[in-house]
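A look at the structure
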Amino acid sequence: MNNGTASLFRIVGVCAVIGAVIFGAIKIANKPDDCASYGGKIVIATTIVPLTSVVKTMVDDSFVVESVLPSGADPHEVTLSPREIHTLACAQAVVSLGLGLDTWVDKGIHAAGNDAVRHIRAEQFAALPGEQLSNPHVWLSPRRMLHMYNGIAGALATFSPTRSTLIEAHAAAFRPQLEALDADYAALGKLPQRDIITLHDAFTYMAGDYGLTIAGVIEEVPEDTPTPQQVAHIISILSTHPRVALFGETDVSAAIITVIAQDTGRTLHTLNSLEVGAADTDIYVRTMRSNLTELLQTLGGAQGALPNSN
Ligand SMILES: [Zn+2]
């Protein structure tokens, strides 16, 4: 790390943490460590899969972008292990979403003793003018991801004058993929059928931003079994609106939606909420294109030809 970067990044010299997380109360015992496993690279800790994916596109190999979402964990409910606390202790920057989804990282930062870390909360870039956000699933709208991408890249670039040009160049190279995604999602608003039912309330912004309507949500609280009244309500919608499409979620096993599909004789389609998965650099764009294809084919039938901008 050069002097310019050192003056702007918090350098954590002694930072290993061994701890235990018990029922949400984080108990940590510190011990000396020099974060040497990171080889002097700038460590950016991230939370959810889509943010990790896009932050990786902003940097080169003088950075380490490391997710602190435990492998396979549901971001709605996370318990951090000593491994993730150590990453947070060694991080110069943390990129999280906010909006009540990954606020567990705040406890982790505190437990790591790294309260001075630069913490970028993407929520500040996700709202449209005059909008108050509460639902956290903003990444499933490419338009909002584009806004968050620009905001995060700008914030990271301000950390280090010596690396700002690098980050801006990387962001400029990747940004067209998000812009193309946004443009291609606009095709949804032209479909004759645009009503969908989803497993949990993850696709509200995607629907609202691109002209779809959420006709119903099965799990009002993620992974909580819906009440018989909620199930009856969904079945009633499907029974009276034969063109409403039913979407479960990739990588989420929910027996209730299979039962609903069988009881109503409906095809069960799937979307990926990107809440779990390996946070590869290209997983965001790849998954969002897959979701778009599924939506166009399901709602548009033969019209659902996907414009391929990549
Ligand atoms: Zn969710």
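Residues numbered from 1 in each chain as written. Predicted model: local features only at pLDDT ≥ 70, side-chain atom pairs only at ≥ 80, totals over all residues.

1. Quick word on the overall build of the protein chain
What counts, and what does not: Numbering goes from the N terminus for both helices and strands, where a helix is a DSSP run of H or I of at least four residues and a strand is a run of E of at least two. To sort residues by burial, count the other C-beta atoms lying within 10 Å of each one's C-beta; a count of 20 or more means buried, 12 or fewer means exposed, and anything in between means partly exposed. C-beta atoms are built from the backbone. Whether two residues are in contact is decided by their C-beta atoms, placed from the backbone, lying within 7 Å.
A tally of helices and strands in the protein chain yields 10 helices and 10 strands. Here the protein chain, with 310 residues, has 43% of them falling under the buried criterion. The contacts of the protein chain with a sequence gap of at least 6 include a subset with a gap of at least 24, amounting to 61%.

2. Here we look at the sheet that holds strand β7 (residues 195-200)
Applicable threshold: Between any two strands, at least two bridges found by DSSP are needed for them to pair. Working convention: axes come from line fits to C-alpha atoms, limited for helices to the stretch in contact. Angles between N-to-C directions cover 0 to 180 degrees.
Overall, parallel pairing links the 4 strands, which are arranged β8-β7-β9-β10 in an open sheet. Both edges of this open sheet fall to β8 (213-219) and β10 (268-271), since each of them pairs with a single strand only. Averaged over all pairs of adjacent strands, the angle between their axes in this sheet comes to 35°, without regard to strand direction. Inspection of the sheet shows β7 paired to strand β9 (residues 245-249) by 3 bridges, in the parallel sense. For I196, the partnering residue across the bridge sits in β9 and is A245. This element, helix α8 (residues 228-240), spans β7, β8 and β9 of the sheet and lies at about 145° to β8.

3. Some points on the sheet that holds strand β3 (residues 42-46)
Where strands meet in a sheet, backbone hydrogen bonds hold them as pairs that are either parallel or antiparallel. Taken in spatial order, the 4 strands line up as β4-β3-β5-β6 in an open sheet, and their pairing is parallel. Two strands in the sheet have a free side with no partner beyond their single neighbour: β4 (63-67) and β6 (118-121). Going across the sheet, the axis of each strand differs from the next one's by a mean of 20°, ignoring polarity.

4. A few points about the environment of F159
Within the fold, F159 resides in helix α5 (residues 142-159). Placed 67 residues apart in sequence, F159 and Q92 show a C-alpha to C-alpha distance of 9.4 Å.

5. Structural notes on α5
A turn of α-helix holds 3.6 residues, and therefore any two residues three or four places apart point the same way. This is how it is decided: To estimate the expected span of a helix, subtract one from its residue number and multiply by 1.5 Å.
Along its 18 residues, α5 runs 26 Å from first to last C-alpha, staying within 8% of the 26 Å computed at 1.5 Å per residue. What α5 keeps buried is the set P142, R143, R144, M145, H147, M148, Y149, I152, A153, L156 and F159.

6. Here's the deal with the nonpolar core
Selection criterion: When buried Ala, Val, Leu, Ile, Met, Phe, Trp, Tyr and Cys residues are joined through C-beta atoms within 7 Å, the set is termed a nonpolar core. The split of the chain into domains comes from an automatic or database domain assignment.
Counting 84 residues, the largest nonpolar core has I44, L88, A91, A93, V94, V95 and I152 as the members making the most contacts within it. If you count residues domain by domain, this core takes at least three from each of domain 1 (3-184) and domain 2 (189-303). Those residues within four positions of A93 in sequence are excluded, and the remaining contacts are I44, V117, R118, I120, L156 and F159.

7. Focus on unusual backbone geometry
One non-glycine residue, L99, lies in the positive phi region at around 55°. Secondary-structure assignment places L99 in the loop between β5 (93-96) and α4 (104-111). L99 sits in the partly exposed class, given 18 other C-beta atoms within 10 Å. One non-glycine residue with positive phi stands out, namely L274, at about 60°. Inspection of the secondary structure puts L274 in the loop between β10 and α10 (283-300).

8. Brief notes about the environment of V244
The topology assignment puts V244 in the loop between α8 and β9. Judged by local crowding, V244 falls into the buried class, with 21 C-beta atoms found within 10 Å. Sequence spacing of V244 and T213 is 31 residues, and the spatial spacing of their C-alpha atoms is 9.6 Å.

9. Some words on the packing of α5 against helix α6 (residues 161-185)
For clarity, the cut-off: Throughout, the term roughly parallel applies to angles under 35 degrees, roughly antiparallel to angles over 145, roughly perpendicular to angles from 65 to 115, and oblique to all others. We call Asp, Glu, Lys and Arg charged. Ala, Val, Leu, Ile, Met, Phe, Trp, Tyr, Cys and Pro are nonpolar, and the rest, Gly among them, are polar.
Viewed as axis vectors pointing N to C, α5 and α6 meet at an angle of 175°, and their least axial separation amounts to 9 Å. Judged by the inter-axis angle, α5 sits roughly antiparallel to α6. Of the residues in α6, those touching α5 at P142, R143, M145, L146, Y149, A153, L156, A157 and T158 are S164, I167, E168, A171, R175, L178, E179, L181, D182 and Y185. Grouping the constituent residues of the contact of α5 with α6 by class yields 12 nonpolar, 2 polar and 5 charged.

10. Concerning α10
With 18 residues, α10 should reach 26 Å at 1.5 Å per residue; the first-to-last C-alpha distance of 25 Å fits that figure. Looking at α10, one finds that the buried residues are Y284, V285, T287, M288, R289, N291, L292, L295, L296 and L299.

11. With respect to the packing of α6 against α10
Any two packed helices are characterised by how steeply their axes cross, that is the angle between the axes, and by the distance between the axes. Here α6 crosses α10 at 10°, and the two axes come no closer than 11 Å. What the angle tells us is that α6 and α10 run roughly parallel. In this structure, α6 uses Q177, L181, D184 and Y185 to contact α10, whose residues at the interface are V285, M288, R289 and L292. Looking at the contact of α6 with α10 residue by residue, the classes come out as 5 nonpolar, 1 polar and 2 charged.

12. Quick word on the pairing of β5
Rules: A crossover gets the label right-handed when its path from the first strand over the helix to the second runs clockwise, viewed with the strands pointing away from the viewer.
Here β5 shows two buried faces, one formed by A93 and V95 and the other by V94 and S96. Sheet analysis places β3 next to β5, joined by 3 bridges and oriented parallel. Pairing of A45 across the sheet is with V94, part of β5. Once you follow β5 into α4 and on to β6, the crossover reads as right-handed.

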